[in-house]
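# An overview of the molecular structure
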Amino acid sequence: LLEIYQQEKDWERCLEIAEKLGPGRDGILQMQTAHFYCELAQRELKARNLEAAEKYVKKAQTADHNSVRATILLGNMEWNRGDCKAAIKSYKQVEAQDVAYLPEIMPGLMACYRSLGKMKELADYLRSLYERHQGSVVMLALTDILIEEKSNKQAVDFALTHLADYPDLKVLERLIKLNLNKQEKQPRETLEVLKHAIEKLMSSQPDYQCEQCGFNAKKLHWRCPSCLRWSSIKPVQGLACQSNK
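Below is a summary of the structure that appears in this document.

What counts and how
In this numbering scheme, every chain counts its residues from 1 along its sequence in written order. Confidence filtering applies because this is a predicted model: local features only for residues at pLDDT of at least 70, side-chain atom pairs given and counted only at 80 or more, and all residues used for totals across whole chains, interfaces and linings. Based on all heavy atoms of the structure, the side-chain values leave hydrogens and waters out of the count. Here a strand is any run of E in DSSP of at least two residues, a helix any run of H or I of at least four, and the numbering for each starts at the N terminus. Any pair of residues with heavy atoms lying within 4.5 Å of one another is described as a contacting pair. Areas reported as accessible are Shrake-Rupley estimates using a 1.4 Å probe. Residue values count occlusion only from the protein chains shown. Whenever Lys or Arg places a side-chain nitrogen within 4 Å of a carboxyl oxygen from Asp or Glu, that contact is recorded as a salt bridge. Each residue is assigned to one of three classes by its accessible area relative to the maximum for its type, calculated with a 1.4 Å probe on protein chains only: buried under 20%, partly exposed between the two thresholds, exposed over 50%. Helix span is expected to be 1.5 Å times the residue number reduced by one. DSSP bridges decide pairing: two strands pair if at least two such bridges lie between them. A fitted line through C-alpha atoms serves as each axis, taken over the contacting stretch for helices, and the angle formed by two N-to-C directions is quoted from 0 to 180°. Small angles under 35 degrees read as roughly parallel and large ones over 145 as roughly antiparallel, with 65 to 115 read as roughly perpendicular and the rest as oblique. By the definition used in this description, the sense in which the near helix is turned from the far one sets the handedness, with an anticlockwise turn below a right angle giving left-handed and a clockwise turn giving right-handed. Lys, Arg, Asp and Glu make up the charged group, whereas Ala, Val, Leu, Ile, Met, Phe, Trp, Tyr, Cys and Pro make up the nonpolar group; the residues left over, Gly among them, are polar.

Scanning the protein from terminus to terminus reveals 12 helices and 3 strands. Counted over contacts in the protein with a minimum sequence separation of 6, partners at least 24 positions apart contribute 51%. Accessible area for the protein stands at about 13600 Å²; split by element, carbon and sulfur atoms hold 51% of it.

Let us now look at the pattern of salt bridges. Taken as a whole and assessed by the stated rule, the structure comprises 15 salt bridges. As a salt-bridge pair, glutamate 148 and arginine 114 come within 2.9 Å of each other at their nearest N and O atoms. Residue glutamate 148 is located in helix 9 (residues 136-148), and its partner arginine 114 is located in helix 7 (residues 102-116); the two are separated by 34 residues in the primary sequence. Relative accessible area serves as the criterion here: at 34%, arginine 114 is assigned to the partly exposed category. A single network of salt bridges, built from pairs that share partners, joins Asp98, Glu211 and Lys234.

In this section: unusual backbone geometry. Of note, arginine 48 is a non-glycine position whose phi angle comes to about 65°, a positive value. Here arginine 48 lies in the loop between helix 3 (27-46) and helix 4 (50-63). Its identity as a non-glycine residue notwithstanding, serine 231 has a phi of 60°, on the positive side. Assignment of secondary structure puts serine 231 in the loop between strand 2 (216-217) and strand 3 (233-235). Classification of serine 231 by relative accessible area gives partly exposed; the value is 23%.

Here the focus is helix 3. Over its 20 residues, helix 3 extends 29 Å from the first C-alpha to the last, a length consistent with the 28 Å expected when each residue adds 1.5 Å. The complete set of buried residues in helix 3 reads Leu29, Gln32, Thr33, Ala34, His35, Phe36, Tyr37, Cys38, Leu40, Ala41 and Glu44. Here the buried face of helix 3 lies against helix 1 (2-8), helix 2 (11-21), helix 4 and helix 5 (68-80). Downstream of helix 3 by one or two residues, arginine 48 has phi in the positive range, about 65°.

Reading across the sheet, the 3 strands line up as 2-1-3 and stay open at both edges, with antiparallel pairing between neighbours. The strands lining the two open edges of the sheet, one partner per strand, are strand 2 and strand 3. Taken together, the 3 bridges between strand 1 (residues 208-210) and strand 3 define a ladder with antiparallel strand orientation. Within strand 3, the position partnered with tyrosine 208 by the bridge is proline 235.

Along its 14 residues, helix 6 (residues 84-97) runs 20 Å from first to last C-alpha, staying within 8% of the 20 Å computed at 1.5 Å per residue. Looking at the buried residues of helix 6, the elements they touch are helix 5, helix 7 and helix 8 (119-133).

Between two packed helices, the angle of one axis relative to the other and the distance separating the axes together describe the packing. Look at helix 3 against helix 5: their axes get within 10 Å of each other, and the N-to-C directions meet at 25°. It follows that helix 3 is roughly parallel to helix 5 by the angle criterion. The handedness of the crossing between helix 3 and helix 5 comes out as left-handed. Residue-level contacts link His35, Cys38, Glu39, Ala41, Gln42 and Leu45 of helix 3 to Arg69, Ala70, Leu73 and Met77 of helix 5. Residues of the contact of helix 3 with helix 5, tallied by class, amount to 6 nonpolar, 2 polar and 2 charged.

This is the structure we're talking about:
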């Protein structure tokens, strides 16, 4: 029944069945229950019922305190209503819950720090985050800050150091853009060709991939359309698999 109701996207019935199966029956059921509440929250958000959406998010967090989806939803809601301090606090929890989803919170996190005028705190946090995880999304965010500070050479050196250990098309594209700003005609033409080639390669690369079955996607699905697992699709950083398993 639970599987049937999930296929029909009848999230209220899903919650009824999950409750009958028993609270705390296993971690998978708790995780699924949190997703059901998040689905209802997103439905309310679409209808602009913000208060109802927040109640569902809170229920998701109660069902599964480690629900990264609920944390991201709450952070985005706090950001949208202008509570940047609360949003930053929520976004920072993602690292402990599932570091693979850091790309999902980076735009909101940076926007909130900018809104508060705390760029130094943002830079310090990103540096500490990069030391712990070396993800390309954090590296690119740090590069943006270096460019804003007019430290283009530091940005180039940082990108080169990262690429030496972590090959990544997005970082390579950023490095070419940085070099395009200072090159003369002939080397610039070469860089332009490289840039367009990389953009074409990136357009064919998935932005998300299922850890369970290898399903590739351009947008985040909280439930994999292929293997139907919840929370198995993660943002891709670095080089993705070229085919499904």
